[in-house]
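Each chain, letter by letter, is given below.
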Amino acid sequence: MTCFILIIKAEDMTKERNTKKAIRKEIYVVAALFTAVFVAMAVFLGYFVQVGSKDFIYNSYNSRFSVFTDDVTRGSIYTADGHIIAETKTDDENNEYRKYPDDRLFSHSVGYVGKGMSGLEASYSFDLLKSHISLDEQINNTLSGIKSPGDSLYTTFDYDTQKAAYDGLDMFDGAVIAIEPDTGKVIAMVSKPDYDPNTIAENWDAITDETKNNSALLNRAIAGAYPPGSTFKIVTTIAYLRDNDGDDYFDYNCKGSITVDDYKIHCSSKKAHGSEDLLKAFSNSCNSAYAYMGINLDREVFLSTANSLLFNETLPAALGNTRKSKFDIDDSTSDSIVAQTAIGQGQTTVSPLHMCMLVSAIANNGELMEPYMADKLVSEEGDIVSATTPKSYGKLLSDEEVLLLNEYMEAVVMDGTADNVDFGDLKVYGKTGTAEYSTNKNVTHSWFVGYAVNDSGDKLAIAVIMEGAGYGSKYAAPLAAKVFNAYFN
């Protein structure tokens with residue numbers, strides 16, 4: 001009987017221990033779940049504060065955005081040289097409004113406030129509505145019912161360079177973008193047609209009227225899609241060098257045209273260039289030589305070269321909604337299409353930004369610095385709140401490729417297609433382009449891409465496109481010269 005009782009007690013103790021273990025296990029599981037939920041909430045909160053809150057605060061669907069303007073007056077925007085290009089003013093009834101002193105000059109880069117936001121006004125709206133004046137002054141302002149001044153944004157733009165680009169583009173649609181190669185700073189960015197950000201709200205219907213088909217809100221400098229014309233011969237040249245292990249030997253006798261699969265390609269003005277090596281073919285912008293070169297390139301090398309130069313991918317640039325450049329050939333692509341592709345026609349499209357980044361990398365010994373146009377945020381009291389640090393994307397070109405391309409691009413300016421352009425005392429390396437864009441081959445876009453160096457070794461890279469203007473040497477290259485001289489002088 002005693003043994004039986006002991007056995008029952010032992011079983012009861014075992015059940016009790018198992019029950020306690022089960023309870024402890026459940027407690028551990030619940031605690032782990034609560035911990036996981038807490039960690040997830042902390043991670044989300046951290047992300048929201050650092051990143052997501054900006055999108056939420058100035059999302060166009062956020063009806064409470066005005067709450068954030070109750071205590072802070074939106075900060076101003078300046079060029080790098082201190083010229084104010086956006087500021088907050090008040091009318092006779094003490095209502096705040098955004099003022100753009102230079103009207104259309106910075107319309108696509110700075111953007112607008114009204115009917116939503118765009119450009120830097122949108123991407124830095126959160127920052128412009130922060131105030132980093134002293135805490136005491138903020139408290140005093142709040143108690144007195146006075147708004148605190150928001151932080152101001154200093155851009156990378158040089159005012160005189162921007163104006164030279166804008167005035168030089170004149171009545172042509174198109175774009176100009178200029179970048180400092182060793183930092184990635186965008187010195188000038190112009191796109192036309194444009195709009196006046198001061199009257200964006202009242203003119204909204206006219207600006208967005210699709211029947212006019214002028215896409216005035218589109219920033220062509222970063223989101224335009226153009227046939228590159230002969231500026232693409234820079235890419236074809238790099239592909240040729242890589243397909244031949246760096247050997248630049250090339251020999252071709254140009255007779256003024258070449259026929260590939262019953263498709264005839266003419267040189268400019270049907271000029272026969274005669275015997276050419278690679279340098280002469282490049283500086284003369286010989287279509288026949290480059291069409292011949294293209295159909296004899298290894299297709300995989302051609303495609304991999306283009307991809308390594310940022311085609312078919314999002315460009316590494318802190319500039320907003322940039323457009324991918326398009327390049328696509330394979331073993332099934334006809335020789336006639338490859339020939340057209342090699343001279344910058346066919347189905348290839350590029351943005352001015354992309355071409356400027358490419359020549360910027362050439363100017364910077366093959367290394368690409370990622371473009372940006374917001375330099376620093378500064379409080380009303382003059383303290384730097386934050387500043388952009390130049391960032392390298394990496395090496396796009398080898399030292400040997402850079403050396404040869406510099407030689408070829410210098411020859412374009414010295415005795416090639418741009419030898420009639422007055423660049424002053426600057427040393428300039430470039431490539432002209434005349435791009436067909438319709439069935440009417442007599443109507444072409446005018447291109448120039450390249451960079452200039454002054455006596456001190458300072459450099460500026462540029463891409464210019466003037467829609468429907470004609471020869472690159474006659475229109476785009478002289479505009480580039482004006483921009484270079486405005487920047488260096």
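Here is what the cut-offs are and how they apply
- Residues numbered from 1 in each chain as written.
- Predicted model: local features only at pLDDT ≥ 70, side-chain atom pairs only at ≥ 80, totals over all residues.
- Heavy atoms only, no water.
- Helix = DSSP H or I, 4+ residues; strand = E, 2+ residues; numbered from the N terminus.
- Contact = heavy atoms within 4.5 Å.
- Pairing = 2+ DSSP bridges.
- Phe/Tyr/Trp six-rings, centres within 6.5 Å; stacked < 30°, edge-to-face > 60°.
- Buried < 20%, exposed > 50% of the residue type's maximum accessible area, 1.4 Å probe, protein only.
- 1 Å grid on protein atoms, 1.4 Å probe; cavity = no way out; pocket = protein on both sides within 12 Å on 5 of 7 lines; lining within 4 Å.
- Points joined across faces, edges and corners; volume = space filled by probe spheres on them.
- Nonpolar A, V, L, I, M, F, W, Y, C, P; charged D, E, K, R; others polar.
- Axes fitted to C-alpha atoms, helices over the stretch in contact; angles between N-to-C directions.
- Salt bridge = Lys/Arg side-chain N within 4 Å of Asp/Glu carboxyl O.

A.B. asks: Where do I start with the environment of Val 176 in this structure?
C.D. replies: Mapped onto the elements of the fold, Val 176 is located in strand β7 (residues 174-179). When the C-alpha atoms of Val 176 and Lys 192 are compared, they prove to be 9.2 Å apart, with 16 residues separating the residues in sequence. Once residues lying within four places of it in the same chain are set aside, the contact partners of Val 176 are Ala 165, Leu 169, Ala 188, Met 189, Val 190, Ala 221, Ile 462, Ala 463, Val 464, Leu 479 and Val 483.

A.B. asks: How should I be thinking about the sheet that holds strand β14 (residues 374-378) in this particular structure?
C.D. replies: Hydrogen bonds between backbone atoms are what pair the strands of a sheet, whose relative direction is either parallel or antiparallel. Strand order in this open sheet of six strands is β4-β3-β2-β6-β14-β15, and the pairing throughout is mixed. Only two strands of the sheet have a single partner each, and these edge strands are β4 (96-99) and β15 (384-387). The sheet contact formed by strand β2 (residues 77-78) and strand β3 (residues 84-90) spans two bridges and is antiparallel. Pairing of Tyr 78 across the sheet is with Ile 84, part of β3.

A.B. asks: Looking at this model, I keep getting lost on the packing of aromatic side chains. Mind explaining?
C.D. replies: Taken as a whole and judged by the stated rule, the model has 19 aromatic pairs. Ring geometry for Phe 232 versus Phe 302: centroids 6.4 Å apart, planes at 45°, classification tilted. Of the two residues, Phe 232 sits in the loop between α8 (220-223) and α9 (233-243) while Phe 302 sits in helix α12 (residues 299-308), which places them 70 residues apart along the sequence. Both residues of the pair, Phe 232 and Phe 302, belong to the buried class. Ring geometry for Tyr 429 versus Tyr 451: centroids 4.7 Å apart, planes at 15°, classification stacked. One end of the pair, Tyr 429, is in strand β17 (residues 427-436); the other, Tyr 451, is in strand β18 (residues 444-453), and 22 residues separate them in sequence.

A.B. asks: What am I meant to see in the layout of surface pockets here?
C.D. replies: Picture a little ball the size of a water molecule; that probe, rolled over the atoms, points out where space is still empty. A volume near 1000 Å³ is recorded for the largest pocket. Contributing elements (two or more residues each) for the lining of the largest pocket: β11 (263-266) and β17. For the lining of the largest pocket, a count of residues per class yields six nonpolar, 24 polar and seven charged.

A.B. asks: Looking at this structure, I do not really get empty space enclosed by the protein. What am I missing?
C.D. replies: All chains considered together, the criterion is met by two cavities of 30 Å³ or more. Volume-wise, the largest cavity comes out at about 60 Å³. Lining the largest cavity are Ile 85, Tyr 100, Pro 101, Asp 102, Asp 103, Phe 106, Ser 107, Val 110, Gly 111 and Pro 197. Each pocket or cavity is described by its volume, and for the second largest cavity that value is around 40 Å³. Lining the second largest cavity are Arg 104, Leu 105, Phe 106, Ser 107, His 108, Tyr 166, Met 189, Val 190, Ser 191 and Asp 194. Listed by contribution, the elements that provide at least two residues to the lining of the second largest cavity are α2 (107-110) and β8 (186-192).

A.B. asks: Please explain helix α13 (residues 335-342) as it appears in this structure.
C.D. replies: Along an α-helix, a turn takes 3.6 residues, which lines up residues three or four apart on a common side. With respect to burial, α13 is a largely interior element, six of its eight residues being buried. Every buried residue of α13 is listed here: Ser 336, Val 338, Ala 339, Gln 340, Thr 341 and Ala 342. Taken from the residues just after α13, Gly 344 is the one with a positive phi, measuring 85°.

A.B. asks: So what exactly am I meant to see when it comes to unusual backbone geometry here?
C.D. replies: Excluding glycine, residues mostly carry a negative phi; peptide bonds, for their part, are mostly trans. In this model, Lys 192 is joined to Pro 193 through a cis peptide bond whose omega is 10°. With a phi angle near 60°, Lys 270 is a residue other than glycine that sits in the positive phi range. On the secondary structure map, Lys 270 appears in the loop between β11 and β12 (274-276). One non-glycine residue, Asn 365, lies in the positive phi region at around 60°. Exposure remark for Asn 365: the relative accessible area of 48% places this residue in the partly exposed category.

A.B. asks: Is there a simple way to explain helix α11 (residues 287-295) in this structure?
C.D. replies: Within α11, seven of the nine residues are buried, which leaves the element mostly enclosed by the surrounding structure. Residues of α11 that are buried: Asn 287, Ser 288, Ala 289, Tyr 290, Ala 291, Met 293 and Gly 294.

A.B. asks: Looking at this model, I keep getting lost on the pairing of β14. Mind explaining?
C.D. replies: Strand residues, when the strand is regular, have side chains that alternate between the two faces of the sheet. Counting buried residues in β14 gives four out of five residues, a clear majority hidden from the surface. What sits between the antiparallel neighbours β14 and β15 is a turn of five residues, in which Gly 382 has the positive phi angle 90°.

A.B. asks: I tried to follow the sheet that holds β7 on my own but got confused; where do I start?
C.D. replies: An order of β8-β7-β19-β18-β17 is seen for the five strands of this open sheet, with the pairing classed as antiparallel. Two strands close off the open sheet at either side, each with one partner strand: β8 and β17. Across the sheet, the mean angle from the axis of one strand to that of its neighbour is 5°, orientation sign disregarded. Bridge analysis of β18 against strand β19 (residues 459-466) gives eight bridges, and the strand direction is antiparallel.

A.B. asks: Please explain the pattern of salt bridges as it appears in this structure.
C.D. replies: Note on pairing: side chains with opposite charge can pair once their charged atoms come close. Enumeration according to the criterion identifies ten salt bridges in this entry. Asp 194 is the partner of Arg 104 in a salt bridge, and the nearest nitrogen-oxygen pair spans 2.9 Å. With Arg 104 in the loop between β4 and α2 and Asp 194 in the loop between β8 and α7 (204-207), this residue pair connects regions lying 90 residues apart in the sequence. Judged by its relative accessible area of 36%, Arg 104 is partly exposed. A residue is classified by how much of its surface remains accessible, and Asp 194, at 13% relative accessible area, is buried. For Asp 335, the salt bridge goes to Arg 299, with nearest N and O atoms at 2.8 Å. One end of the pair, Asp 335, is in helix α13; the other, Arg 299, is in helix α12, and 36 residues separate them in sequence. With relative accessibility at 16%, the residue Arg 299 sits in the buried group.

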